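These are the residues of each chain, in order.
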Amino acid sequence: MEHRTADDRFIIELSGRIDSGNSADVEREINEALESKGDLKLVLDAQELEYISSAGLRVLLHLRKQHPELKIINVSTEVYDIFDMTGFNQMIDIEKAYKVVDITGCEQIGRGANGAVYRIDGDNVVKVYNDPNAFDEIQNEREVARLALVLGVPTAISYDIVRVGDGYGSVFEMLDASSFAKILTEQPDKFEWCLDEFTDMLRIIHSTEVPDGKLPDIRELMNKRAGIVAGVLPEDKGAKLIKLFEAIPYDNHMIHGDYHSKNLELTGDEVLLIDMDTLSVGDPIFELGFIYNAFVGFYDTDHDAVKEFQGYDYDTSIRFWKEFLPKYLGTDDETRIREVEDRARIVGYTRLIGRLISRDIVDANKADFDFWTNAINELLERTDSLCLNGK
């Protein structure tokens, strides 16, 4: 047994097995080591610990009574399963040992609001989160992805959490997966197929009813965004924007929240939805507004930017949106299509402007800010509802 200090922690390294044959000796050695601990926080490093029996668990209970702040780190999957089965991971702060994955040179096959997806080998991909402290986000995404799967939405399920650089990643098994963005870029003859599958998947999502409280209500985010944006519009237009958003009723149907061609993957002959951390519930108009951004809005002042994000050119992106909307709505009525597009644009631009303001990056994106605010002012002149099917 080795021990060391690091910052405000006193770290004891465990190795081998702790069972009835040696638990008393282990406890005695730990207590002797603790005599030099002082006020440092106790941490047990279990990287080399192969097994722990009930007798060893009792040693940990004794330590926890004396040191309530006890933490155990670098726990192998096998040992963690013991802690999980016995409930110790609910009593003690326990961190698993995570496999390290290097994404240097790996192909980026997907990208969303909170991270990017890389292929790490022929069978697996890893989603790397933008926030290096995203462990809680990963756990949340795993939970909502499982919920979506149970409710009938075809989605990839993460089977492992790994370390990637200074942050975390979530690993998925996706055999020979290709994003729709890649297919549209490399196989333009499959445009109609992608369009049909894209629309069909969205209908599955939007027809899925979610039990109350299982997913956030997107109205909370967007009502806040509307309040922010209202402050940079003429007073009457700002008041109208807030009123339109507040008039959207609660809807318990699922929306993805970041639905675009990099978040649909073809693996074998199955289409799977990825990047589930933005799942919520709400009127489908919210989703359509976010989709408008992904295919059009983001590139209003810089048409070349779509190629950097999606891989294909602006003409392809515009065409996809223009053909998707009537297909999704199930109509060729140009008045109805224009009406829904206007509503989607207001939602989309509200999100984009609100993001610029909340991140204090308006000056750095002045052309976008001016374009989007002018567009909202114009759209509000002829729009009296934001609900997809509302009057």
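Above this text sits the structure in question.
The numbers attached to residues start from 1 for each chain and follow its sequence in the written order. Restriction of local features to residues with pLDDT of at least 70 applies here, the model being predicted, together with a cutoff of 80 or more for giving and counting side-chain atom pairs; totals for whole chains, interfaces and linings are based on all residues. Each side-chain value is worked out from all heavy atoms of the structure, with water and hydrogens disregarded.

Chemist: Residue-level account of the sheet that holds strand β5 (residues 93–96), with values.
Modeler: Paired strands, as defined in this entry, are two strands with at least two bridges between them according to DSSP. Each helix is a run of DSSP H or I of at least 4 residues and each strand a run of E of at least 2, with the numbering of both proceeding from the N terminus. Taking strand neighbours across the sheet as the criterion, the five strands line up as β1-β2-β3-β4-β5 in an open arrangement whose pairing is mixed. In this open sheet, the two strands that pair with only one neighbour each are β1 (2–6) and β5. Looking at each pair of strands side by side, their axes are set apart by 25 degrees on average, direction ignored. Strand direction decides the pairing type here: strand β4 (residues 71–75) and β5, joined by three bridges, are parallel. All axes are obtained by fitting lines to C-alpha atoms, using only the stretch in contact for helices, and the reported angles, taken between N-to-C directions, cover 0 to 180 degrees.

Chemist: Mind laying out the pairing of strand β2 (residues 9–18), listing which residues take part and the relevant values?
Modeler: Note: β1 against β2, five bridges, orientation antiparallel. Across the sheet, T5 pairs through a bridge with F10, a residue of β2. In sequence, β1 turns back onto β2 through a hairpin of two residues, with D7 there showing a positive phi of about 55 degrees. As judged from the nine bridges shared by β2 and strand β3 (residues 41–52), these two strands associate in the parallel manner. Paired with F10 across the two strands is L42, which belongs to β3. Here the term right-handed applies to a crossover when the path leading from its first strand over the helix to its second strand runs clockwise, the strands being oriented away from the viewer. In terms of handedness, the path from β2 via helix α1 (residues 23–34) over to β3 forms a crossover that is right-handed.

Chemist: Describe the nonpolar core, and please don't skip the residues or the numbers.
Modeler: Judged by nonpolar contacts, the single largest core of 76 residues is most densely connected at F245, F286, L288 and F324. Per-element tally for this core: the top contributor is helix α12 (residues 334–358), with nine residues. The residues touching L288, leaving out its near neighbours within four places in the chain, are L202, W321, F324, L325, Y328, V340, A344 and L388. Grouping buried Ala, Val, Leu, Ile, Met, Phe, Trp, Tyr and Cys residues that are joined through side-chain atoms within 4.5 Å yields what is termed a nonpolar core. Three exposure classes are used, based on accessible area relative to the maximum for each residue type with a 1.4 Å probe and protein chains only: buried under 20%, partly exposed in between, and exposed over 50%. Counting residues in each nonpolar core, the second largest holds 27 residues, with L42, L57, L63 and I92 among its members. The contact rule is simple, with two residues in contact once any of their heavy atoms fall within 4.5 Å.

Chemist: Just give me the short version of the side chain of K237, but keep the residues and values in it.
Modeler: With respect to the secondary-structure elements, K237 resides in helix α8 (residues 235–246). Leaving out residues up to four positions away in the same chain, K237 has contacts with N377, L380 and E381.

Chemist: How would you summarise a negative patch on the surface if you had to cite specific residues and measurements?
Modeler: The patches described consist of residues with a relative accessible area above 30% and no salt bridge, like charges being joined within 9 Å and nonpolar side chains (Val, Leu, Ile, Met, Phe, Trp, Tyr) within 5 Å. We get accessible surface area from the Shrake-Rupley algorithm with a probe of 1.4 Å; when it comes to residues, only the shown protein chains can shield them. The working definition used for a salt bridge is a side-chain nitrogen of Lys or Arg within 4 Å of a carboxyl oxygen of Asp or Glu. His is not counted, nor are the chain ends, whereas Lys and Arg count as positive and Asp and Glu as negative. Charge placement uses NZ in Lys and CZ in Arg. For Asp and Glu, CG and CD serve respectively. Among the surface-exposed residues, D121, D123, E173 and D176 lie close enough to one another that they form a single negatively charged patch. When you line up the elements, D121 lands in the loop between β7 (115–119) and β8 (124–129).

Chemist: I'd like a description of the pattern of salt bridges, backed by residues and values.
Modeler: Inspection of the entire model under this criterion finds 25 salt bridges. Notably, a salt bridge pairs E192 with R319, separated by 3.5 Å at the nearest N-O pair. Here R319 lies in helix α11 (residues 314–329) and E192 lies in helix α6 (residues 191–206), a separation of 127 residues in the sequence. We classify E192 as partly exposed; its relative accessible area is 39%. Here R319 ties to E323 by a salt bridge, and the two come within 2.8 Å at their closest N and O atoms. A residue pair is termed a helical-turn pair when its members lie 3 or 4 positions apart in one helix, as R319 and E323 do in helix α11 at four residues. Since its relative accessible area comes to 37%, R319 is described here as partly exposed. Taking relative accessible area as the criterion, E323 reaches 27% and is therefore assigned partly exposed. Among the ionic contacts, a cluster of salt bridges with common partners joins K127, E141, D275 and D277.

Chemist: Give me the lowdown on α11, citing residues and values where you can.
Modeler: A helix is expected to span 1.5 Å multiplied by its residue count minus one. Compared with the 22 Å implied by 1.5 Å per residue over 16 residues, the 23 Å span of α11 between its first and last C-alpha is a close match. Here α11 has its buried residues at Y314, S317, F320, W321, F324, L325, P326, Y328 and L329. Next to the buried residues of α11 lie α5 (180–186), α6, α9 (284–295), α10 (305–309) and α12. Directly beyond the C-terminal end of α11, a positive phi value near 70 degrees is found at G330.

Chemist: Tell me about the packing of helix α7 (residues 218–230) against α12, and name the residues and values.
Modeler: Where α7 meets α12, the axes come as close as 8 Å, and the angle between the chain directions of the two elements is 70 degrees. Overall, the two elements α7 and α12 adopt an arrangement that is roughly perpendicular. The two elements α7 and α12 meet at a crossing, and its hand is left-handed. Listed contacts from α12 to L221, M222, R225, A226, I228 and V229 of α7 are V347, T350, R351, I353, G354, R355, I357 and S358. When describing relative orientation, an angle under 35 degrees is termed roughly parallel and one over 145 degrees roughly antiparallel, while 65 to 115 degrees is termed roughly perpendicular and anything else oblique. Left-handed describes a crossing whose near helix is turned anticlockwise from the far helix through less than a right angle; right-handed describes the clockwise counterpart.

Remember, this is a structural readout, not a statement about activity or role.
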